[in-house]
Protein chains: 2
Amino acid sequence: MLPSESTTPISHAMNSNSSFSVMKRYRNGEIWDFENEMAVTIDRQVILGLDGGTTSTVCVCMPILPFKDPLPDPLPVLARATAGCSNHNSVGETAARETLEQVMADALAKSNSNRFAVQAVCLAVSGVNHPKDQQRILNWLRDIFPSHVRLYVQNDSVAALASGTLGKLQGCVLIAGTGTIAYGFAEDGREARAAGAGPILGDWGSGYGIAAQALTAVVRAYDGRGPQTNLTTSMLQKLGLSSPDELIGWTYIDPSWARIAALVPVVVSCAEAGDQVANKILHDSVEELALSVKAVVQRLSLCGEDGDGPFPLVMVGGVLEANKRWDIGKEVIKCISRDYPGAIPIHPKVEPAVGAALLAWNFLMTESQN
Amino acid sequence: MLPSESTTPISHAMNSNSSFSVMKRYRNGEIWDFENEMAVTIDRQVILGLDGGTTSTVCVCMPILPFKDPLPDPLPVLARATAGCSNHNSVGETAARETLEQVMADALAKSNSNRFAVQAVCLAVSGVNHPKDQQRILNWLRDIFPSHVRLYVQNDSVAALASGTLGKLQGCVLIAGTGTIAYGFAEDGREARAAGAGPILGDWGSGYGIAAQALTAVVRAYDGRGPQTNLTTSMLQKLGLSSPDELIGWTYIDPSWARIAALVPVVVSCAEAGDQVANKILHDSVEELALSVKAVVQRLSLCGEDGDGPFPLVMVGGVLEANKRWDIGKEVIKCISRDYPGAIPIHPKVEPAVGAALLAWNFLMTESQN
């Protein structure tokens, strides 16, 4: 990492709308009204990191970091703003855009800053699976920010990786919450992912996958296709239902992934109490999650030629952080380490939005170096 | 089966609205307007059989059958009417009711008959999983028909069983189309079902299940979690996509079960061409489908005490009727027969709506016998 070459402070009086005439199109005026009320002179450069998921969206505003290794601890965060879902597949493009724009404006307002002070933005959002998704969001960001601002759009899992590697795009991240994905970068910039295709396309290691398998086990025990399991009593009790018959109605009245994934703790409790069906579901999920990571490590040769080279393995998400007696995350690491002993598990101390901000900073540094 | 005791012809002049004053509440007047235009005297008693599914709804109007064994072949069908989806879970209760009422009115109008001529109605509709579903529909049917009409409400799989057994509620039906369910009746009236809980709750043998597993296999081959398969080329070609990446977008833009199930022929073709991944998916689905039937047969002791007693096994649905070199239905029967050699496979020659009409007739006969 090299020091930024573009450290000249910028100074703009932000008292009139005319200050924003540099922007091609001025959208959603009211979102940015706060900038007109600022009487201050902005002389502090900032970066924005944004983590946009299906459940919530977080934006942090950080000052441009001085170049030093290691990074300051704790990392300086000027402001943090939150909003709801910003996955365009879930809420549609217009709503997703408005959420993203609002949360960035909130973070800037809270840090007493504005768009001219921004040097770089990294938007890491779920639902970005294609270069064309990336380009669509970039085009729209371009309309919001002045032309000097560097813009980067990534899948949200990249921010999660960066939250563990503090901005370095190297290694593999495994996310297992409601959904699951493994995403990795080689030092030469090649990237690869595994899973992350949602429940229809077989993300069985996810929280949704674990819980759906458990509900299925209850139905199968009830109709005679599967072995009896304590999951039946536990699930019915948890859901306030009196018979497995009623699970069908419960499931389809609102098949949202998060609602089903919220049942994972029931499966873990049953497994801890010795239920074999629940245990098998968790063991299968461990295999599935480990398989995703192994596929990425293999394709990117993250472990070097000998197969035992070190690489960061960032572990993120509710399923991996349960920290119970039955510790899914620990079992996944064990399973990966049998094949790749060089895996260095990292449980990030900062949130993915900070990872995104560090990414923005790193991209900026790299660009100014070139 | 005993002859009906209520064979007195009824005769009503249907020229005025007042003829319908016997009905407690007169709903949807316009649906039944045709009755006011009838100048004829109705002296032929009829029954209505209705098969209401998620894709379409069929109603047939049949004359009351004379008591004789065997039944006339072909069975006399006075009229047949069709409509769209009548599953209240899919289209809501109001739309489902209107569709059901309209299709019954159409069948009566086409057969130059009316509600006073109806002796019995059997409504076999998908989404009826509980006695309370049944009661709700019965209450509403009661408002439509004169009080002499016998009304029966069943799950649509019961009509499929009856289409194979010609109205006898005994044996087991296996339906495998977009979804799958096994439903059985013992001679003493006990009933049992297996599967039919939809894809979230593990109906892996269904057309949806087979196709979703095939799409998953393509994703897993692509990201390195699974073996290479010819399904990749075949599926992408079929869907007009250029990369497995694009499957995610294709799947979630419209995750309707029927749209995904429509890909089953691709899986069958690949299996026939020797693809091992496709073959495994079909073999697993055969095991799953056979398991559903075995669970029902076991719980109802359909095969007698020795385990080799004969019982009708009615096979219905696109997945079982493919009649290709890779014949899923044939393999399922083989698999069931290994455990229950008394299974007598039946491929119905009449449609489920006719099965429903025969059920109505049988119920009527049984009631008049008691």
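Chain A is annotated in an unreviewed UniProt entry as N-acetyl-D-glucosamine kinase from Tripterygium wilfordii. The record held by UniProt for chain A lists under Sequence similarities (unreviewed entry) the comment "Belongs to the eukaryotic-type N-acetylglucosamine kinase family."

Engineer: How should the domain arrangement of chain A be read in this particular structure?
Structural biologist: By a frequent convention, interface size equals the accessible area lost on bringing the separate parts together. All names here are of chain A. With domains assigned, chain A is organised as domain 1 (41-166 + 351-368) and domain 2 (207-346). If you average the C-alpha positions of domain 1 and of domain 2, the two centres end up 31 Å apart. The interface is formed by four residues belonging to domain 1 together with four residues belonging to domain 2. Regarding the contact of domain 1 and domain 2, the summed buried area is about 310 Å², with carbon and sulfur atoms giving 83% of it. Ranking the residues of domain 1 by area buried against domain 2 places Ala 160, Gly 164 and Thr 165 at the top, with a combined share of 68%. Applying the counting criterion to the domain 1 and domain 2 interface returns zero salt bridges.

Engineer: Whenever I open this one, the pattern of salt bridges confuses me. Can you help?
Structural biologist: Proximity of charged atoms lets side chains of opposite charge pair with each other. All names here are of chain A. The final tally for this structure, using the stated rule, is 26 salt bridges over all chains. One salt bridge connects Glu 93 with Arg 97, and the closest N-O pair in it is separated by 3.2 Å. Here Glu 93 and its partner Arg 97 are both found in helix α2 (residues 93-110), four residues apart, which amounts to about one turn of the helix. Overall, the relative accessible area of 32% leaves Glu 93 in the partly exposed class. A relative accessible area of 22% means that Arg 97 is categorised as partly exposed.

Engineer: In this structure, what is going on with the packing of aromatic side chains? I would like to understand it.
Structural biologist: The geometry of two aromatic rings is summed up by the distance between their centres and the angle between their planes. The final tally for this structure, using the stated rule, is 13 aromatic pairs over all chains. Between A:Tyr252 and B:Trp257, the ring centres sit 5.6 Å apart and the planes meet at 70 degrees, which makes this aromatic pair edge-to-face. With A:Tyr252 in helix α7 (residues 245-253) and B:Trp257 in helix α8 (residues 257-261), the pair connects residues from two separate chains. Residue A:Tyr252 is classed as partly exposed on the basis of its relative accessible area of 23%. Assessed through its relative accessible area of 38%, B:Trp257 is described here as partly exposed.

Engineer: Looking at this structure, I do not really get the confidence of the model for chain A. What am I missing?
Structural biologist: Low-pLDDT portions of the prediction should not be read for the details of their coordinates. Residue and element names in this part refer to chain A. Taken over all residues, the pLDDT of chain A has a mean of 88, while the share at 70 or more is 90%. Segment residues 1-26: pLDDT under 50, and 62 contacts once partners within four positions in sequence are set aside and those in other chains are kept. Reported confidence for the predicted complex is 0.86 by ipTM and 0.86 by pTM.

Engineer: Would you mind going over a negative patch on the surface with me for this structure?
Structural biologist: Together, A:Glu30, A:Asp33, A:Glu37 and A:Glu98 give the surface a local cluster of negative charge. Tracing the chain through its elements places A:Glu37 in the segment before β1 (46-52).

Engineer: Honestly, the interface of chain B and chain A in this entry has me stumped. Any pointers?
Structural biologist: At the junction of the two partners, chain B supplies 37 residues and chain A supplies 38 residues. Both faces combined, the contact of chain B with chain A buries some 2,900 Å², and carbon together with sulfur accounts for 61% of it. On the chain B side of the interface with chain A, the three residues burying the most area are B:Ile200, B:Leu201 and B:Arg225, jointly 26% of the side's total. For B:Arg220, the salt bridge is made with A:Glu288, and the minimal N-O distance between the two is 2.8 Å. Linking chain B to chain A there are 14 residue pairs in polar contact (both at pLDDT 80 or more). At the level of elements, β8 (191-195), α5 (207-223), α7 (245-253), α8 and α10 (276-300) of chain B are the ones that each hand at least two residues to the side of chain B that touches chain A. Broken down by element, the side of chain B that touches chain A gets its largest block of residues, eight residues, from α5(B). Partitioned by chemical class, the residues of the side of chain B that touches chain A number 20 nonpolar, eight polar and nine charged.

Engineer: Honestly, the side chain of A:Asn87 in this entry has me stumped. Any pointers?
Structural biologist: Residues and elements named next belong to chain A. Position of Asn 87 among the secondary structure elements: in the loop between β3 (79-83) and α1 (88-91). Residue classification places Asn 87 among the buried positions, given a relative accessible area of 7%. Polar side-chain contacts of Asn 87 include one of 3.0 Å to the side chain of Ser 126. Asn 87 has contacts with Gly 53, Thr 54, Gly 92, Ala 96, Ser 126 and Gly 127, leaving out every residue within four places of it along the chain.

Engineer: When you look at the relation of the copies chain B and chain A in this model, what are you seeing that I'm missing?
Structural biologist: Mapping between the two copies of the chain is achieved by a rotation about an axis and a shift along the axis. Mapping chain B onto chain A is achieved by rotating through 180 degrees and translating by 0.1 Å along the same axis, at an RMSD of 0.1 Å. Here the symmetry operator amounts to a two-fold rotation axis. Taking C-alpha positions as reference, the residue of chain B nearest the rotation axis is B:Ile200, located at 4.3 Å. When the interface residues of chain B are mapped onto chain A, 100% of them are again interface residues, pointing to one common binding face.

Engineer: Help me understand helix α12 (residues 352-369) of chain B in this model?
Structural biologist: Structural remark: α-helix, 3.6 residues per turn; residues separated by three or four positions point the same way. An ideal rise of 1.5 Å per residue puts 26 Å on 18 residues; α12(B) measures up with 25 Å between its terminal C-alpha atoms. For α12(B), the buried fraction is high: 14 of the 18 residues fall into the buried class.

Engineer: I keep staring at unusual backbone geometry and nothing clicks. Help me out?
Structural biologist: Residues apart from glycine generally show negative phi values, whereas peptide bonds are mostly found in trans. Here the residue pair A:Asp73 and A:Pro74 is connected by a cis peptide bond, since its omega of 0 degrees sits within 30 degrees of zero. Residue position: A:Pro74 is located in the loop between β2 (57-63) and β3.

Engineer: Is there a simple way to explain the environment of B:Ser337 in this structure?
Structural biologist: Residues and elements named next belong to chain B. Looking at the secondary structure, you find Ser 337 in helix α11 (residues 328-339). Given a relative accessible area of 25%, Ser 337 falls into the partly exposed group. Each C-alpha atom, one on Ser 337 and one on Leu 239, is 37 Å from the other, the two residues being 98 residues apart in sequence.

Engineer: Is there a simple way to think about the pairing of β1(A) in this case?
Structural biologist: Looking along a regular strand, one sees side chains alternate from face to face of the sheet. Residue and element names in this part refer to chain A. When you tally the buried positions in β1, you get seven out of seven residues, the bulk of the element. Two strands pair when backbone bridges link them, and β1 and β2 are joined in this way by seven bridges, in the antiparallel orientation. Bridge assignment links Val 46 to a residue of β2, and that residue is Pro 63. The loop that links β1 with its antiparallel partner β2 comprises four residues. Bridging between β1 and strand β4 (residues 118-125) involves seven bridges; their strand directions are parallel. Of the residues in β4, the one forming a bridge with Leu 48 is Val 121.

Engineer: Quick question: what am I supposed to make of the environment of A:Thr251 here?
Structural biologist: Within the fold, A:Thr251 resides in helix α7. The residues contacting A:Thr251, other than those within four sequence positions of it, are A:Leu215, A:Arg259, A:Ile260, B:Ile200 and B:Leu201.

Rules of the game
- Residues numbered from 1 in each chain as written.
- Chains lettered and ligands numbered in written order.
- Predicted model: local features only at pLDDT ≥ 70, side-chain atom pairs only at ≥ 80, totals over all residues.
- Heavy atoms only, no water.
- UniProt positions renumbered as here; feature names shortened; annotations may be inferred.
- Domains from an automatic or database assignment.
- Contact = heavy atoms within 4.5 Å.
- Buried area = accessible area lost by both parts, 1.4 Å probe.
- Salt bridge = Lys/Arg side-chain N within 4 Å of Asp/Glu carboxyl O.
- Helix = DSSP H or I, 4+ residues; strand = E, 2+ residues; numbered from the N terminus.
- Buried < 20%, exposed > 50% of the residue type's maximum accessible area, 1.4 Å probe, protein only.
- Phe/Tyr/Trp six-rings, centres within 6.5 Å; stacked < 30°, edge-to-face > 60°.
- pLDDT = per-residue confidence, 0-100.
- Patch = residues over 30% accessible without salt bridge, like charges linked within 9 Å, V, L, I, M, F, W, Y side chains within 5 Å.
- Areas by Shrake-Rupley, 256 points an atom, 1.4 Å probe, with all protein chains shown as cover.
- Lys, Arg positive; Asp, Glu negative; His and termini not counted.
- Charge placed at Lys NZ, Arg CZ, Asp CG, Glu CD.
- Polar contact = N/O pair within 3.5 Å; in protein donor to acceptor, adjacent residues only side chain to side chain.
- Nonpolar A, V, L, I, M, F, W, Y, C, P; charged D, E, K, R; others polar.
- Least-squares fit on C-alpha atoms with pLDDT ≥ 70 in both.
- Expected span 1.5 Å × (residues − 1).
- Pairing = 2+ DSSP bridges.

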